[in-house]
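Examination of the molecular architecture
The primary structure of each chain is shown beneath.
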Amino acid sequence: MARCRICRQKASIFIPHHRLPLCDEHFVSWFENYLRRTIQKFRMFSREARILVAVSGGKDSLVLWKALVKLGYAADGVFIDLGIEDFSFLSRRVVEDFAATLGRKLYVVSLQKELGFGIPALKRRTKKYCSLCGSIKRYFLNWATRKFHYEVLLTGHNLDDEASALLGNVINWSIKYLGRKYPVLPAHSGFPQKAKPLCRFTSFEIQEYAKRQKIKYIKESCPLSSEAKRLVFAEMMDQLEEQMPGTKLRFYLDYLRRAFPIFQEKVEDFLDHKLVTCARCGEPAISSPCFICRLKEEYQGA
Ligand SMILES: [Zn+2]
Ligand SMILES: [Zn+2]
C-alpha cells in the first residue's frame, strides 16, 4: 500500500476518484473537509441553520449526522418508525442509542400513532405499498421539519444513489425529476429546504468512514421492499464505473453543471399537477384532502 499523501505514513485506504492514498486519521479529516466543502459549494445551509437529518439506522444517514456534529453544525435527527416488526424495532434502537452518544435530539415519528397503522397493514391492502411507503416517509419528514421548527431537511443520499437514480431518470426521460435533481432544493410551496450533503461521496467512502468512527448501523435493507428496478440501474452504473473509472462522478457532476440548468428552466412545464394545500392537515399536496388524510379516513372506516 502507498504512503499517506499528508503524513507519509503507511496509507490504509486509496480513494480512486481523487487518486488519494490516506492513513486512518487523514482519511477521516479528508472526509469531513470534503463534506464541509460540498455544503459550501452548493450553498446548502449556513453554519447557524437549524438542520434536521432524516435517519433510518443505515450507514449513510448516521455517518452524515456524526460528521456534521463533528464539524460543529447544530444537527438533530428524525426517525420514521414504519411499524415493520423486528426491522423497525432494531433500527429505532440503533438510532436512539446513536442520538444519545452524539448528545443530540432525536424525534421519532410513529406511523402507528400518526396514521393509525404501519406499513405491514398497508401491504395487506395494496400491491403498491413500497412506493406508497416512500411517499408516506416524505410526507412525515416534511411534516416533522415544519412541526419542530427546522429550516433544512437533510437526507443521506450518496453518489451511488444519485448517479443510478439519474441514469434511471435519463433512460425513462423523466424530465420533471431531472428538473429537480439537484443536491439542494430551496423551500417552496410549503415544502422545507432540502439537501443531500453526501452527494459527492461513494458508498465505499461512507462505509470506510463508519468503520473508522466505529459507528454501529443496520446492514439489512427493508425486509418488505422489492427494489429490483432500482438495483438494475445501480448495477449498470457499477459496470460502467469498472470499465471506465471516474464515470460515476463525472456523469453526476457534469449533469449538475451542464444539463440541470436546461431542465430546470422548463421544469414547470412538465409538472403533472399544480400543488394545493390540504384543507385538513395544511401540508402541500396534489389534491385536497391529501393522500395521507384519505388514508387515515379509509383506515378508520375499515
Ligand atoms: Zn496520514
Ligand atoms: Zn392532508
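Remember, it's a predicted structure, so these values are computed and weren't measured experimentally.

The rules we used
Residues numbered from 1 in each chain as written. Chains lettered and ligands numbered in written order. Predicted model: local features only at pLDDT ≥ 70, side-chain atom pairs only at ≥ 80, totals over all residues. Axes fitted to C-alpha atoms, helices over the stretch in contact; angles between N-to-C directions. Helix = DSSP H or I, 4+ residues; strand = E, 2+ residues; numbered from the N terminus. Left-handed = near helix turned anticlockwise from the far one by under 90°. Contact = placed C-beta atoms within 7 Å. Nonpolar A, V, L, I, M, F, W, Y, C, P; charged D, E, K, R; others polar. Parallel < 35°, antiparallel > 145°, perpendicular 65-115°, else oblique. Domains from an automatic or database assignment. Core = buried A, V, L, I, M, F, W, Y, C linked by C-beta atoms within 7 Å. Buried ≥ 20, exposed ≤ 12 C-beta atoms within 10 Å, placed from the backbone. Expected span 1.5 Å × (residues − 1). Bend = angle between axes of the 7 residues up to and from the residue. Pairing = 2+ DSSP bridges. Right-handed = clockwise from strand over helix to strand, strands pointing away.

A word on the packing of helix 2 (residues 59–70) against helix 9 (residues 203–212)
Interaxial distance between helix 2 and helix 9 falls to 10 Å at its minimum, and their mutual angle equals 60°. Between helix 2 and helix 9 the crossing geometry is left-handed. Where helix 2 approaches helix 9, its residues Lys 59, Asp 60 and Val 63 are matched on the opposing element by Ile 206, Gln 207, Tyr 209 and Ala 210. Tallied by class, residues from the contact of helix 2 with helix 9 come to four nonpolar, one polar and two charged.

What to know about the packing of helix 1 (residues 24–41) against helix 9
Where helix 1 contacts helix 9, the two axes come as close as 10 Å, and the packing angle between them is 120°. As judged from the angle between their axes, helix 1 and helix 9 are oblique. The crossing of helix 1 and helix 9 is left-handed. Contacts from Asp 24, Phe 27, Val 28 and Phe 31 of helix 1 reach helix 9 at Glu 205, Glu 208, Tyr 209 and Arg 212. When its residues are assigned to classes, the contact of helix 1 with helix 9 shows four nonpolar, no polar and four charged.

Concerning the domain arrangement of the chain
Accessible area lost during the coming together of the parts is what is often quoted as the interface size. We note that the domain assignment places domain 1 (48–270) and domain 2 (272–302) within the chain. Domain 1 and domain 2 are separated by 23 Å when their C-alpha centres are compared. On the domain 2 side, the residues contacting the eleven residues of domain 1 number ten residues.

As for the nonpolar core
Burial of nonpolar side chains together is a common tendency in soluble globular proteins. Formed by 66 residues in total, the largest nonpolar core has its most connected members in Ile 51, Val 53, Val 55, Leu 64 and Leu 154. The element contributing the most residues to this core is helix 2, with six residues. Inspection of this core shows a minimum of three residues originating in each of domain 1 (48–270) and domain 2 (272–302). Ignoring anything within four residues of it in the chain, the contact list for Ile 51 reads Phe 45, Tyr 73, Ala 74, Ala 75, Tyr 150, Glu 151, Val 152 and Leu 154.

Some thoughts on helix 11 (residues 247–265)
Under the 1.5 Å per step criterion, the end-to-end length of helix 11 is 26 Å for 19 residues, consistent within 8% with the ideal 27 Å. Ala 259 marks where helix 11 bends most, by close to 55°; the proline Pro 261 follows one to four residues later. For helix 11, the complete set of buried residues consists of Lys 248, Phe 251, Tyr 252 and Tyr 255.

Description of the pairing of strand 5 (residues 106–110)
Taken together, the five bridges between strand 4 (residues 75–81) and strand 5 define a ladder with parallel strand orientation. By the bridge assignment, Asp 81 is partnered in strand 5 with Ser 110. The parallel pair strand 4 and strand 5 is bridged by helix 3 (residues 85–102), and the resulting crossover is right-handed.

Quick notes on the sheet that holds strand 8 (residues 193–195)
One key point about sheets: their strands pair by backbone hydrogen bonds, in either a parallel or an antiparallel sense. Overall, mixed pairing links the six strands, which are arranged 5-4-3-6-8-7 in an open sheet. Where the open sheet ends on each side, the last strands, each with one partner, are strand 5 and strand 7 (184–185). Along the sheet, helix 2 makes contact with strand 3 (51–54), strand 4 and strand 6 (152–154), crossing strand 3 at roughly 155°. Lying on the sheet, helix 6 (residues 129–147) is in contact with strand 3, strand 4, strand 5 and strand 6; it crosses strand 4 at an angle near 140°.

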